[in-house]
Structure formats: structure tokens, C-alpha cells
Amino acid sequence: YNGTIFAYGQTGSGKTFTITGGAERYIDRGIIPRTLSYIFEENSKCPDYVSTTHISYLEIYNDSGYDLLDPKHEATKLEDLPKVSLMEDNDGNMHLKNLSLHPASSEEEALNLLFLGDTNRMIAETPMNQASTRSHCIFTIHVSRREAGSATMKRAKLHLVDLAGSERIGKTGVGGNLLTEAKYINLSLHYLEQVIVALSEKTRQHIPYRNSMMTSVLRDSLGGNCMTSMIATCSAEKKNIDESISTCRFAQRVARIKNDAFLNEELDPKVMIARLKGEIQELKNQLSLTSEDQRTDILSAEDLERLNEEIQQFIEDPDPEAVLNVGADMRKINEAFRILKNFAKGKVPAKRSASAPENQQRPQTKIGGQEEAGTDSYLTTHSGLPRDEEIKKLQGLILQRDNEINILVNMLKKEKKRAQDAVSQVQQAAHLHKRPHSRSHSRSADHKLTNGNSSLSESSLGPLNSQSDLSVRDISRNRSLSTQRSSAGHSSNDRYSSRLQTDSEEDLRRNQAEVKEY
Ligand SMILES: Nc1ncnc2c1ncn2[C@@H]1O[C@H](COP(=O)(O)OP(=O)(O)OP(=O)(O)O)[C@@H](O)[C@H]1O
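These numbers come from a predicted model, not from an experiment.

Peer 1: Help me out: how do you make sense of the overall build of the protein chain in this one?
Peer 2: Secondary structure assignment for the protein chain yields 16 helices and 10 strands. Buried positions account for 37% of the 518 residues belonging to the protein chain. When contacts within the protein chain are restricted to residue pairs at least 6 apart in sequence, those whose partners lie at least 24 apart make up 66%. As presented, the protein chain carries roughly 31,000 Å² of accessible surface, and 52% of it is formed by carbon and sulfur atoms.

Following this line, the structure appears as C-alpha cells:
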């Protein structure tokens, strides 16, 4: 909110001393330097806020405004200073044309501006008054503050007003220019009083701000959204009792004003522009969606890649309010839905979009940091090879493995048959040798063939019948196993069978020895 502190009282009662301060002692510094010190101290306590301070200094003499912060330092009389005029915009807001606004980044800079203004005020003396006490001076501190990263800006201005003396014309007993000055002073103070009276009456609709330059300038800082303080300065001398009473009555009226101040919060214009631009784009998008001129041509690889990147950013964005804006293009919207659906299912996007043909090449992409390769994916492969090459390579590998498996299965089938042949041959041989001997030998030989060479039994070869279901590693393992098992078989044509034959003859010899011993 805005604020005003103004000093009101007759000439010589201490208004300037109160507002600006005495020049000789630090302790005599007035409200302006104390306020500046306070503001900059508060700013330094809030490093999270971006604060800016600007200063303007206006002098109003005979209802005309002058810029006391003229940087040229060439003024020798008041008329040399830039003349400030009032301008009203369409909304009824008053603007001061030609009043310079100076940034102050530190207390020292702000005090230098105060010093410059006071110097100009003293140098550019009014025509008739050496003490320059016949004018009103308004020192304004403009403060804005914004939290870092926030679009909301808080603004406020504080007017520190040193009014001209409020004594009556009749008492001063002057004529000519001095009378004119006095009339202006009295008139402007009278208008100020009218405004204050109007503000203090709650039923009053119209507040007569426009009557004088001073009330126009203070328009947004006297009534409405502001805090106003008045300092009444009174002379202690008995001869000034009437003026003192008049000052106190004025103060009483001011005290009746009740303002409800609230923070002046507004959005940063730059942020506002960006938001409005976004709104316009959104409206254009909506308009385009409802109109019939939708594009039907194929999305380019670059478009798809960009879309995938946007979706990836959208998914990775920790902000739950994040928005995915793919524009008013149904092709992109459909594609985005399809990608998101697949992503929700834990898959990367399917092969083609609604608008894309079968043979359209797809770009590589990553969703949520995951990569997946496969015949169903057009996006990427683990090896980094182009998709078609990768598929060909994998198909080649599968064929190779199939061939190996077939070879192994055939080998196993052959060996199983040989083993079975060997078993039957051994049984036949045993039968032939058994005949001349006793039945007990026959039982013993049978027992040995069944238990000692159990690897030859049908059941031990059983699992080999289902080789086609086994993995390549299992097949290799079983192949070596069956090779060992088959080594007990009998065949004159291979080494496995010959070993089997040798073993059987030994058995037979042992059997014969046992029979003989028996
Ligand atoms: N509280 C105070 N203590 C000491 N000296 C003061 C005090 N108030 C005012 N004075 C002195 O009185 C003199 C007049 O004061 P000042 O100029 O502030 O009056 P003024 O009301 O501003 O007068 P004008 O209307 O002419 O501008 C100055 O010399 C000032 O130093």
C-alpha cells in the first residue's frame, strides 16, 4: 500500500526540521533519512527478495511543479528546473510528466539524491523569499519487491511532504508577489483540507482531488488504499496561539480519516505478457482443433523425434501440474496418446502411428530413461544398430541355433538306436553262452547285465527321447553322457560297440571261471 507523512504548521514551526532534519548533528536527521535507512536495512534482511528503490523529489510553487532532482545542476532560479505537469490517463490515474525517477541501490545513493534535491531547492530560490519556505515539497520513495522466481510484484510509494507555512494572509500583512504566494499557499492548503474533510466523511462520493496540483499528486496516497500520517508542528510562542489552534483543528479532521490499506500486489508485466501470449496460443490451438483444416500428411521423422523428446520431458517433469502441449495437430495428439498408452503398459511405443504408413522409418527414442529393443519397437535397439540390420542378425543366429539343435537331436537318436542294438546283441550273446552252464550262472549274468550295466537299460535312455525340448547346453551335456553310456554297447563298426564287446567277453570269461570253480 501507499503512504503519506506530511508536516503541517505555520512558518518556522519546524516542518522542514522534522521532515528533512537539521544539517549539523546526526541525531537531528529527519524522517526522510531515517526512512531511507530503515528501508535499506529491511531490504538487506530479505535476500530472497528482489527489491528496487526509486526516488523522486517534487517542489510545488504557486501550483506549478518543478523537478528538484534535475541532474544538470545548472539551475540558478526555480524556473530553470524542469517543469512538471500533470497528465491523466483514460483510467483516471494521474501521471507526472517531466518528474524524473532515480534508482537508488543503497542508502548512500538515496541520501545523495536527497542532498541534490535540497541543494536545488535552496539554489533555485523563489523570487521573493530567500528561505524558500513558500513552496510544498514532496520527496517520494518508490519501492517494489518481488520474491525470487515469483511473478507477483509488490509495489508501494511513500510521500514525505513538507508543506508550506499555513499562516493566514491577513496576519502576514503582505502585498504584491508575496500576496500571490500566500494566496496560492492558502488555496492549496484549503484544497488539501477539503480533500481531507471529504475523506473523513464516509457518505461523500466525490473527493475534490483535482482542485490543486498537490492534492492531485497525493491522490493515491491520501485516501483509499494508503496509510496517512500528519505531523502538526506548532509554535510555542503566545502570539502564535491562533495558528497553533488552527493547526490542531486541522489535525483533528485528518484524524477522522479511516483508510483500509491493503497490499498493492500486481503481476510482473513481462510475466503477464508471457501468460497472455500462452493464452492466445492456446485459443488459437482450440480454434484450429474445432476448424476442419486439420493436416493429414505424414509426420516427419524430426516431428516424431521432437514429440518423443517432449513426452520424455513431460514424464520426467517432477511437477504434477506439468502440461504436455503438442499443439493443435491431431496427428501429434494421436501419436502422443499412443506413445503414452504403450508407456503406461510398460512398453515402448508400437510400430506405427495412426497416420504413418507401414514403411515409414521411425526415429530412435528413449522414454522415461528406458530403452527396449525388439521387433515391436521402432525406437531403438540395444546394439545401436539400425533396426533392420539387428533383426537380420538375430534371425541368422536363430537359424544357426536351430541347425545345431537338429544335428544334436539326430546324433542322439542314432546313438540311442545303437545302444538298443547293443543291448539286444549282448542279451543274445549271453543267452548263447548261458546254455552249456547252470541256471545260476545265467541268473548271475542277467543280474550283472541289469544292475552292473544299468546304464544300458531302456529306462536310462528314456529321457533322451525328448531331446527336442532341451536347451542346447542340455543337449551337449546329454550328448557326452549318452556317449559314455553308449560305450557299453556292442557293435563291430564303431569304437563304442567294440568296447562293449570286450567288456562282455570279460564278463563271459569271468562267468566261465566262476562256473568252473563251482
Ligand atoms: N525540534 C527542533 N529542535 C531544534 N530546532 C528546531 C526544531 N524545530 C525547528 N527548529 C529550528 O527552527 C527553525 C525553523 O524550522 P523549520 O525551517 O523546520 O520551520 P518550517 O516550519 O519548515 O518553516 P517554513 O514553513 O518556513 O519552511 C530552523 O532553524 C530549525 O533548525
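That shown, we press on.
Peer 1: What exactly am I supposed to notice about the packing of aromatic side chains here?
Peer 2: Each aromatic ring pair is characterised by the separation of its centres together with the angle its planes make. What the rule picks out here adds up to 2 aromatic pairs. For the ring pair Tyr 8 and Phe 250, a centre distance of 4.0 Å and an interplane angle of 15° mean the geometry is stacked. Linking Tyr 8 in strand 1 (residues 2-9) with Phe 250 in helix 8 (residues 241-255), this pair joins segments that are 242 residues apart in sequence. Given a relative accessible area of 5%, Tyr 8 falls into the buried group. Taking the centre distance of 5.0 Å and the plane angle of 85° together, the rings of Tyr 57 and Phe 139 count as edge-to-face. Taken together, the residues Tyr 57 in strand 2 (residues 49-61) and Phe 139 in strand 7 (residues 136-147) connect sequence positions 82 residues apart.

Peer 1: Just checking my understanding: could you explain helix 8 for this structure?
Peer 2: An α-helix turns once per 3.6 residues; consequently, residues spaced three or four apart project the same way. Here helix 8 spans 21 Å end to end across 15 residues, near enough to the 21 Å set by a 1.5 Å rise per residue. Taken residue by residue, helix 8 has Glu 243, Ser 244, Ser 246, Thr 247, Phe 250 and Val 254 as its buried positions. Summarising the axial view, the buried residues of helix 8 lie within an arc of 160°, below the 170-degree limit, and thus occupy one face. Residues of helix 8 that are exposed and point more than 90 degrees away from the buried face comprise Asp 242, Arg 249, Gln 252 and Ala 255.

Peer 1: Explanation requested: empty space enclosed by the protein in the structure shown.
Peer 2: The probe, sized like a water molecule, is rolled over the atoms to show the empty space still left. One pass over the full model with this rule turns up 3 cavities of 30 Å³ or more. Forming the boundary of the second largest cavity are Ile 60, Tyr 61, Asn 62, Asp 63, Arg 134, Ser 135, His 136, Tyr 184, Ile 185 and Ser 188. Every element with two or more residues in the lining of the second largest cavity is listed here: strand 2 and helix 5 (176-200). In terms of residue count, the dominant contributor to the lining of the second largest cavity is helix 5 (3 residues). Residues belonging to the lining of the second largest cavity are distributed by class as follows: 4 nonpolar, 4 polar and 2 charged.

Peer 1: I would appreciate a short explanation of unusual backbone geometry in the present structure.
Peer 2: Excluding glycine, a negative phi dihedral is what most residues carry, and trans is how most peptide bonds are arranged. Of note, Asp 63 is a non-glycine position whose phi angle comes to about 60°, a positive value. With respect to the helices, strands and loops of the structure, Asp 63 is situated in the loop between strand 2 and strand 3 (64-67). For Asp 63, a relative accessible area of 35% corresponds to the partly exposed category. The residue Asn 98 is not glycine, and still its phi comes out positive at about 80°. Its location among the elements puts Asn 98 in the loop between strand 5 (94-97) and strand 6 (102-103). For Asn 98, a relative accessible area of 46% puts it in the partly exposed group.

Peer 1: What exactly am I supposed to notice about the confidence of the model for the protein chain here?
Peer 2: Should the pLDDT be low somewhere, the predicted coordinates at that spot are not to be read in detail. In the predicted model, the protein chain carries a mean pLDDT of 73, and 68% of its residues have values of at least 70. Between residues 349-382, whose pLDDT stays under 50, and residues either more than four places distant or in other chains, the model counts 82 contacts. Note on residues 438-502: pLDDT under 50 across the span, and 80 contacts to partners over four residues away in sequence or across chains.

Peer 1: In this structure, what is going on with helix 10 (residues 301-316)? I would like to understand it.
Peer 2: Between the first and last C-alpha of helix 10 there are 22 Å, a value that for 16 residues agrees with the 22 Å anticipated at 1.5 Å per step. Of the residues making up helix 10, those classed as buried are Asp 303, Leu 304, Leu 307, Asn 308, Ile 311 and Gln 312. Considering only its buried residues, helix 10 is in contact with helix 11 (330-344).

Peer 1: Help me out: how do you make sense of the side chain of Asp 162 in this one?
Peer 2: With respect to the helices, strands and loops of the structure, Asp 162 is situated in strand 8 (residues 152-162). Within the structure, the side chain of Asp 162 is placed 2.7 Å from the side chain of Thr 16, a separation counted as a polar contact. Dropping the residues within four chain positions of it, Asp 162 is found in contact with Lys 15, Thr 16, Ile 19, Arg 121, Ser 135, His 136 and Cys 137.

Peer 1: For this particular structure, what's the right way to read the pattern of salt bridges?
Peer 2: Where charged atoms from two side chains of opposite charge approach closely, those side chains can pair. A full pass over the atoms with the stated rule returns 9 salt bridges. Across the pair Asp 28 and Arg 25 runs a salt bridge, and its minimum N-O distance is 3.1 Å. With a relative accessible area of 16%, Asp 28 lands in the buried category. Between Glu 237 and Lys 239 there is a salt bridge, with its nearest N and O atoms 3.5 Å apart. The class of Glu 237 is partly exposed, set by a relative accessible area of 46%.

Peer 1: Before we go on, may I ask you to explain the packing of helix 10 against helix 11 in this structure?
Peer 2: A pair of packed helices is characterised by two quantities: the angle between their axes and the separation of those axes. Relative to each other, helix 10 and helix 11 sit at 50°, their axes nearing to 11 Å. Here helix 10 lies oblique to helix 11, going by the angle between them. Classified by chirality, the crossing of helix 11 by helix 10 is right-handed. Contacts from Leu 304, Leu 307, Asn 308, Ile 311 and Ile 315 of helix 10 reach helix 11 at Lys 332, Glu 335, Ala 336, Ile 339, Leu 340 and Phe 343. The residue makeup of the contact of helix 10 with helix 11, split by class, is 8 nonpolar, 1 polar and 2 charged.

Analysis parameters
Residues numbered from 1 in each chain as written. Predicted model: local features only at pLDDT ≥ 70, side-chain atom pairs only at ≥ 80, totals over all residues. Heavy atoms only, no water. Helix = DSSP H or I, 4+ residues; strand = E, 2+ residues; numbered from the N terminus. Buried < 20%, exposed > 50% of the residue type's maximum accessible area, 1.4 Å probe, protein only. Contact = heavy atoms within 4.5 Å. Areas by Shrake-Rupley, 256 points an atom, 1.4 Å probe, with all protein chains shown as cover. Phe/Tyr/Trp six-rings, centres within 6.5 Å; stacked < 30°, edge-to-face > 60°. Expected span 1.5 Å × (residues − 1). Arc of directions from axis to C-beta. 1 Å grid on protein atoms, 1.4 Å probe; cavity = no way out; pocket = protein on both sides within 12 Å on 5 of 7 lines; lining within 4 Å. Points joined across faces, edges and corners; volume = space filled by probe spheres on them. Nonpolar A, V, L, I, M, F, W, Y, C, P; charged D, E, K, R; others polar. pLDDT = per-residue confidence, 0-100. Polar contact = N/O pair within 3.5 Å; in protein donor to acceptor, adjacent residues only side chain to side chain. Salt bridge = Lys/Arg side-chain N within 4 Å of Asp/Glu carboxyl O. Axes fitted to C-alpha atoms, helices over the stretch in contact; angles between N-to-C directions. Parallel < 35°, antiparallel > 145°, perpendicular 65-115°, else oblique. Left-handed = near helix turned anticlockwise from the far one by under 90°.

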